[in-house]
Amino acid sequence: MQKSTNIADKAELRTMTRFLCLGVLLLAFVYVNGTPRNIIFIAADDLGWNDVGFHNDDMITPNIDKLARRGVILNSSYVQPVCTPSRHSWMTGVYPFKVGLQRNVLFPQTAQCSPLDLTFLPQRLQKLGYATHMVGKWHLGGCNWNCTPTYRGFDSFLGYYNGMEDYYNKTIFNGIDFHDGEEPLQDTTYSTFLYAQRAQKIIANHDKSKPLFLYLPFQAVHDPIQVPQRFEDMYPHIQTDVRRKYCGMVSALDEAIGNVTDTLRKYNMFDESLIIFTADNGGWVTQGGNNYPLRGGKITLFEGGTRGAAFVVGSGLEKSGYTYDGMIHAVDWHPTIVAAAGGELPKSECNSIDGINQWEALSTGGESKRTEFVYNLDNALMPPTGHAAIRVGKYKLIDGYPGPYRSWYLPDQVNAEECNSSDEREYYECLQNRDAAQLTDAEKKGIEGIWAGEGLYDLSVDPNERNDISRHYPDVVKELRKKLNEYRKSLVKPKPQIPVPASNPDNYGGYWMPGWC
């Protein structure tokens, strides 16, 4: 007998707007000693699900683990498959597919940025009286000064505009990408330490008459795989060279985070601070990252690419020391942080973002206000970061190409492949060409549903996506595809990322600089 399940009666469309605008908060949840709480938002780049000690005992991350276990470990916190879309989601609360940022990342020579008509999170916090500082990776566009951090709500910025660079000399391709505010700099300090030092300085010099928002998106642990030897030596049992170095990078990141939190304690700010920690996407399986037992990794729509290692700890949490299973998406951090800061979105903007205010749920351990989200939505048949996927309740539908990494990868597994380039644009193109060849062969054979992993999953019993149940629940597949098609009405096609010669660092004294678009 064919099984079917009707999930349309969740009244999602009737309730979504109401939840977006939850803004009435108890003052006790907002203020600490008469001042709005400090908020520290820490992001780890390309950190895998299995790359933190609170998920994997083999990882040496004592500082991260202590914070996670003291606070609330987020078991269902979702991000986008790659860097730029996740960061856009955090800053704007808007799905990337609605602004054409759902495919790939922004490349250095591209004349694009996160849309300038959207209000960024630090701009809202400035209006609430916050000092706003950013240290680390931007990756939301740098061709025009108006795209850059200090023009989008940050009082100060130390870091880089693009997606990756050398950890020591700060170069990407033929230029240096390192800036203090609007000034280009040269510095060969290992970036994980450098960014922690700047964060510590910001904390030490902070005027406590106003609250602090510190956005700390570390470069670590994105490739290139570089780490001081003493951290690599912490993992002598790991045989795979790239994995051993990568794990060392994670432990270096852990030490840096420990130094930042120690400084908060030194200046009596720790108990007055809410700390949010999250990965920006899953671990990159060819660069030492690991998401086991989850399937896939960075650049895929599987849980291993989109379910981020995350936690919250500190001020405002009524309940702590447990794992929260409620559904949270990257777009939710925008309204949630505003609420934790004592603010609320203007009612006129409630329908213009996709994020849901989850502060009440996180602070009390209550039920998540989110019941569905879109993993990604693209108009291309085979985009590098996956065609389309949606989750509604316990069901997840992957519709079409899920991305290039479709297996379950063990921690010490060698994942070498034919695509190997330091240029992310070339790397993604190589992956596309490899899988396009597979698509062509399958089409010749008349195969339907050729991609391993494409299908329907019940994540409540199969979080590792091993059992496609689409044949057993055709009504659910039909309903989720219908929802995807509704979302598709608001899809904006990505613009071609055409390299602009004017971007060449040779035009700016060897630095990647704004001013050419």
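Presented here is a report on the structure given in the accompanying data block. Please read all numbers here as calculations on a predicted model, not as lab measurements.

Things to note about the nonpolar core
Here comes step 1: Counting 55 residues, the largest nonpolar core has Leu47 and Phe218 as its most contacted members.
Here comes step 2: Those elements that place two or more of their residues in this core are β3 (38–44), α3 (62–70), β7 (156–160), α6 (191–204), β12 (212–217), α8 (241–266), β13 (273–279) and β14 (310–314).
Here comes step 3: Among residues more than four places away in sequence, those in contact with Leu47 are Val52, Val221, Tyr246, Val250, Phe277, Ala279, Asn281, Gly282, Gly283 and Ala309.
Here comes step 4: Counting 42 residues, the second largest nonpolar core, distinct from the first, contains Val79, Tyr215, Ile337 and Val338.

Describing the pattern of salt bridges
Here comes step 1: Under the criterion given, the structure shown has 24 salt bridges.
Here comes step 2: Of the charged contacts in the structure, one is a salt bridge between Lys98 and Asp354, with a shortest N-O distance of 2.6 Å. A residue pair is termed long-range when its members are at least 10 positions apart, and Lys98 in the loop between α4 (83–92) and α5 (121–127) and Asp354 in the loop between α10 (333–340) and α11 (359–364) qualify at 256 residues.
Here comes step 3: Assessed through its relative accessible area of 27%, Lys98 is described here as partly exposed.
Here comes step 4: Linked through salt bridges whose partners overlap, the residues forming this network are Asp45, Arg87, Lys137 and Asp280.

Comments concerning unusual backbone geometry
Here comes step 1: Cis geometry marks the peptide bond from Ala220 to Val221, where omega comes out at 10°.
Here comes step 2: Assignment of secondary structure puts Val221 in the loop between β12 and α7 (229–232).
Here comes step 3: Residue Pro224 is bonded to the preceding Asp223 through a cis peptide linkage, with omega at 10°.
Here comes step 4: Here Pro224 is to be found in the loop between β12 and α7.
Here comes step 5: Non-glycine residue Asn268 carries a positive phi angle of around 55°.
Here comes step 6: Its place among the elements puts Asn268 in the loop between α8 and β13.
Here comes step 7: Residue Asn268 is classed as exposed on the basis of its relative accessible area, which comes to 59%.

What to know about the pairing of strand β18 (residues 388–392)
Here comes step 1: Counting buried positions over the 5 residues of β18 gives 5, a clear majority of the element.
Here comes step 2: On β18, burial covers both faces: Ala388, Ile390 and Val392 on one face and Ala389 and Arg391 on the other are all buried.
Here comes step 3: Bridge count for strand β17 (residues 372–377) against β18 is 5 bridges, and the pairing is antiparallel. Of the residues in β18, the one forming a bridge with Glu372 is Val392.
Here comes step 4: Both β18 and strand β19 (residues 395–398) contribute to a ladder of 4 bridges, which runs antiparallel. Bridge pairing in β19 places Ala389 opposite Ile398.
Here comes step 5: Hairpin remark: β18 followed by β19, antiparallel, with 2 residues in the connecting loop; positive phi at Gly393, about 60°.

Some words on the side chain of Thr92
Here comes step 1: Examined against the element boundaries, Thr92 turns out to sit in helix α4.
Here comes step 2: Using a relative accessible area of 2% as the deciding quantity, one classes Thr92 as buried.
Here comes step 3: A polar contact is formed between the side chain of Thr92 and the backbone nitrogen of Val94, at a distance of 3.1 Å.
Here comes step 4: With near-sequence residues (within four places) excluded, Thr92 lies in contact with Ser114, Leu118, Thr119, Phe120, His334 and Ile353.

What to know about empty space enclosed by the protein
Here comes step 1: Applying the stated rule across the entire model yields 3 cavities of 30 Å³ or more.
Here comes step 2: The calculated volume of the largest cavity comes to roughly 130 Å³.
Here comes step 3: Considering the residues around the largest cavity, the lining is formed by 15 residues, among which Phe107, Pro108, Gly141, Gly142 and Asn162 are closest to the centre.

Here is what the cut-offs are and how they apply
- Residues numbered from 1 in each chain as written.
- Predicted model: local features only at pLDDT ≥ 70, side-chain atom pairs only at ≥ 80, totals over all residues.
- Heavy atoms only, no water.
- Core = buried A, V, L, I, M, F, W, Y, C linked by side-chain atoms within 4.5 Å.
- Buried < 20%, exposed > 50% of the residue type's maximum accessible area, 1.4 Å probe, protein only.
- Helix = DSSP H or I, 4+ residues; strand = E, 2+ residues; numbered from the N terminus.
- Contact = heavy atoms within 4.5 Å.
- Salt bridge = Lys/Arg side-chain N within 4 Å of Asp/Glu carboxyl O.
- Pairing = 2+ DSSP bridges.
- Polar contact = N/O pair within 3.5 Å; in protein donor to acceptor, adjacent residues only side chain to side chain.
- 1 Å grid on protein atoms, 1.4 Å probe; cavity = no way out; pocket = protein on both sides within 12 Å on 5 of 7 lines; lining within 4 Å.
- Points joined across faces, edges and corners; volume = space filled by probe spheres on them.

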